Amino acid sequence: MSQPEIPTEQWAQVVEKTGGPVTYKKIPVQKPGPDEVLVNVKYSGVCHTDLHAMQGDWPLATKLPLVGGHEGAGVVVARGELVKDVQIGDHVGIKWLNGSCLDCSFCLQSDEPLCPKALLSGYTVDGTFQQYAIAKAAHVARIPKSCDLEVIAPVLCAGITVYKGLKESGARPGQWVAIVGAGGGLGSMALQYAKAMGLRTIAIDGGEEKAKSTKALGAEAYVDFQSSKNIVQDVKTATPDGLGPQAVLLLAVSEKPFQQATEYVRSRGSVVCIGLPANAFLRAPVFDTVVRMINIKGSYVGNRQDTAEAIEFFARGLINVPSKTVGLSELQNVYQLMTEGKIVGRYVVDTSR
Ligand code: NAD
Ligand code: ZN
């Protein structure tokens, strides 16, 4: 195959200072190191994490200036001399975990997200809100050529993360899972993965539009956190025996539901924390947690195997989450809508405009 032409400059959205906004400008195209690939990013999903990164919400500093983004789908255009198993022209995904040491006790046990030397796309290294991005070859997601890059982009963080979270919940086919923040990016994916895995879902979010979208994605019940007079009761009542769902996936960017979930989860059930609201704390009564044998845990993205499995569900046609595509130049507007909680599902940016 002939070598693709690689420009020396490209368009990118850059966070120059914590708090933002992003600046749409031209920056140099980097060269991949020996174990890296250069990916011509065609589309990138916009995750709420990208907004947290720009705002500096978390107790972990970002690089600056920063190119955010970690749901990038594109084509490999160059590779370092040590890279053998990824070819020029391959379709790949750049996900949150850009690279890890592959050698620590976590990497050895396929818990790469826990690697102390993990590189994070769009956070500690530049991400996918640019036309050409770099990733460690060992960690790029392999995307079959049959998959549409525009539609698969959100799978690369939202999809992998919720698929892993559902596995971590231990819920089995036929059981109930409450999805908190079900109308957002991760939530919409969670409803589809849960359905594909034979799980039954209760969607929790706010407003009529999200009621409609979550039902269309397979939720059997909807609880509106903005209008419900008793969320705990409403969630429990949504299960046929009134004892509540076997698992809860907490995806909302708000502290309140993190302090409420143990009240409606079924005894012996699991509360899986995934959303990362700024400065938030978990709270649960010790007595109930003990005598109802409740399991509270965190779940953080997924490993390479989870990635391959999440992509396979998509490739089989089981994950249909509508997304809206806008130009990369419009990223700041997407952040505005996200801040206002107005996004239903996921926005994707097209790096060519
Ligand atoms: P999003 O903005 O698309 O969706 C959040 C949804 O939560 C919105 O629909 C909003 O209406 C809803 N919501 C707000 N308050 C609520 C409440 N009290 N009850 C129910 N719903 C409520 O965000 P997203 O991109 O889906 O990301 C969600 C969170 O997950 C972010 O904090 C993000 O950083 C985090 N995240 C974590 C991981 C991980 O590995 N653990 C991976 C990706 C993203
Ligand atoms: Zn993400």
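On a predicted model such as this, the values are computed, not experimentally measured, just so you know.

What counts and how
- All chains use their own residue numbering, which begins from 1 and follows the written sequence.
- All chains are assigned letters beginning with A, and all ligands numbers beginning with 1, in the order in which they are written.
- Under the rules for a predicted model, residues below a pLDDT of 70 receive no local features and side-chain atom pairs below 80 are neither given nor counted, while totals for whole chains, interfaces and linings still include all residues.
- Note: side-chain values were computed over all heavy atoms of the structure, leaving out hydrogens and water.
- Counted as coordinating are nitrogen, oxygen and sulfur atoms within 2.8 Å of the metal, or 3.2 Å for Na, K and Ca, while water is not included, which may make sites look incomplete.
- The helix and strand labels rest on DSSP assignments: H or I over at least four residues marks a helix, E over at least two residues marks a strand, and numbering proceeds from the N terminus.
- Remark: exposure states derive from per-residue accessible area (1.4 Å probe, protein chains only) relative to the maximum for the residue type, with buried under 20%, exposed over 50%, and partly exposed in between.
- The contact criterion used is simple: two residues touch if any of their non-hydrogen atoms lie within 4.5 Å.
- A pair of cysteine sulfur atoms is labelled a disulfide when the two atoms are within 2.5 Å.
- Buriedness for pockets is judged along seven lines, at least five of which must meet protein on both sides within 12 Å for an open set on the 1 Å grid over protein atoms alone, while cavities are sets there where a 1.4 Å probe fits but cannot get out, and lining residues have an atom within 4 Å of a point.
- Grid points are joined across faces, edges and corners, and a volume is the space filled by probe spheres set on the points.
- Nonpolar residues are Ala, Val, Leu, Ile, Met, Phe, Trp, Tyr, Cys and Pro. Charged residues are Asp, Glu, Lys and Arg, and all others, Gly as well, are polar.
- The arc in question is the one traced by the directions running from the helix axis out to the C-beta atoms.
- For two strands to count as paired, DSSP must find a minimum of two bridges between them.
- UniProt positions are given in the numbering used here, feature names are shortened, and annotations may be inferred rather than shown by experiment.
- We call a residue near a given molecule or strand whenever any one of its heavy atoms falls within 4 Å of it.
- Distance and chemistry together define a polar contact, namely a pair of N or O atoms within 3.5 Å, with one atom able to donate a hydrogen and the other to accept it when in protein, and with adjacent residues in sequence counting only for side-chain atoms on both sides.
- Orientation is described by axes fitted as lines to C-alpha atoms, over the contacting stretch for helices, and by angles from 0 to 180 degrees between their N-to-C directions.

S.K.: Would you mind showing me how to read the coordination of the zinc ion (ligand 2) here?
M.R.: Ideal donor angles around a metal are set by the shape: a four-donor tetrahedron calls for 109.5 degrees, a six-donor octahedron for 90 or 180 degrees. Coordination of the zinc ion (ligand 2) by the protein involves C47 (SG), H70 (NE2) and C157 (SG), with metal-donor separations of 2.0 to 2.3 Å. The motif formed by the donor residues of the zinc ion (ligand 2), counted along the single chain, is C-x22-H-x86-C. Of this pair, C47 sits in the loop between β3 (36-45) and α1 (48-55) while H70 sits in the loop between β4 (66-67) and β5 (72-79); the two residues are 23 residues apart in sequence, bridging distant segments of the chain. In this structure, C47 and H70 share a single accessibility class: buried.

S.K.: Explain helix α6 (residues 208-216) here, please?
M.R.: Each α-helix winds once per 3.6 residues, and so residues spaced three or four apart point in a common direction. Inspection of α6 places K210, A211, S213 and T214 among the buried residues, and these make up the whole buried set. Residues of α6 that are buried in the fold lie against α5 (185-196), β12 (200-205) and β13 (221-224). Once α6 ends, the next one or two residues include G218, with phi positive near 120 degrees.

S.K.: Please clarify how the state of the cysteines should be interpreted in this entry.
M.R.: Disulfide: a covalent bond connecting the sulfur atoms of a pair of cysteines. If you walk through the whole model with that rule in mind, you get zero disulfides. Between C104, a cysteine without a disulfide, and C107, which holds the nearest cysteine sulfur, the sulfur-to-sulfur distance is 3.8 Å. C147 carries a free sulfur, and the closest cysteine sulfur to it, the one in C157, is 18 Å from it. Classification of C147 by relative accessible area gives buried; the value is 7%.

S.K.: Help me understand empty space enclosed by the protein, please; the structure alone is not making it clear to me.
M.R.: Any space left empty among the atoms is revealed by the rolling of a water-sized probe across them. Taken as a whole and judged by the stated rule, the model has two cavities of 30 Å³ or more. The calculated volume of the largest cavity comes to roughly 50 Å³. What lines the largest cavity is K95, W96, L97, L156, I160, V301, G302 and T307. Across the lining of the largest cavity, the residue classes tally to five nonpolar, two polar and one charged. If you go around the second largest cavity, the residues you meet are V15, V22, D50, A53, M54, L66, G68, F129, L331 and Y335. Secondary-structure elements contributing two or more residues to the lining of the second largest cavity are α1 and α11 (331-339). Top contributing element to the lining of the second largest cavity by residue count: α1, with three residues.

S.K.: Help me understand the side chain of Q260 in this model?
M.R.: Inspection of the secondary structure puts Q260 in the loop between β14 (247-250) and α8 (261-264). With residues near it in sequence (within four places) discarded, Q260 still touches I231 and V232.

S.K.: When you look at α11 in this model, what are you seeing that I'm missing?
M.R.: When α11 is considered as a whole, its buried residues turn out to be L331, V334, Y335 and M338. In an axial view of α11, the angular spread of the buried residues amounts to 100 degrees, which keeps them on one side of the axis. Taken from the residues just after α11, G341 is the one with a positive phi, measuring 70 degrees.

S.K.: Is there a simple way to think about the pairing of strand β18 (residues 346-350) in this case?
M.R.: When a strand is regular, its side chains alternate between the sheet's two faces. Taking burial as the measure, the five residues of β18 include five buried ones, the bulk of the element. A two-sided burial pattern is seen for β18, the buried positions comprising R346, V348 and D350 on one face and Y347 and V349 on the other. As paired elements, β3 and β18 share three bridges and run antiparallel to each other. The residue bridging S44 from the neighbouring strand is V349, located in β18.

S.K.: Where do I start with the UniProt feature "domain: Enoyl reductase (ER)" (unreviewed entry) in the chain in this structure?
M.R.: The UniProt record marks residues 19-349 with the feature "domain: Enoyl reductase (ER)" (unreviewed entry), using the residue numbering of this structure. For residues 19-349, the end-to-end C-alpha separation is 21 Å, with 26% helix and 24% strand making up the annotated structure.

S.K.: What exactly am I supposed to notice about the sheet that holds β4 here?
M.R.: Backbone hydrogen bonds are what pair the strands of a sheet, in a parallel or an antiparallel way. Pairing is antiparallel across the open sheet formed by three strands, whose spatial order is β2-β1-β4. Edge positions in the open sheet fall to β2 (22-28) and β4, since each of these has one partner strand only. Both strand β1 (residues 9-15) and β2 contribute to a ladder of seven bridges, which runs antiparallel. Note on β2: the bridge partner recorded for E9 is P28.

S.K.: I keep staring at the environment of L191 and nothing clicks. Help me out?
M.R.: Within the fold, L191 resides in helix α5. In this structure, L191 is in contact with I179, A182, T201, A203, T214, L217 and A219, ignoring residues within four places of it in sequence.

S.K.: What should I look at first to understand the site of ligand 1 in this one?
M.R.: Around ligand 1 lies a shell of 29 residues, among which H48, T49, D205, V301 and R346 are the nearest. Taking K210, its side chain carries an N or O atom lying 3.0 Å from an oxygen atom of ligand 1. The dominant element in the shell around ligand 1, judged by the number of residues it contributes, is α1, at three residues. Split by residue class, the shell around ligand 1 holds 15 nonpolar, eleven polar and three charged.

S.K.: What exactly am I supposed to notice about the sheet that holds β13 here?
M.R.: In space, the six strands of this open sheet follow the order β13-β12-β11-β14-β15-β16, with parallel pairing throughout. The open sheet is flanked by β13 and β16 (295-298), the only strands paired with a single partner. Pairs of neighbouring strands in the sheet enclose a mean axial angle of 20 degrees, with direction left out of account. Direction of pairing for β12 relative to β13: parallel, over a ladder of four bridges.

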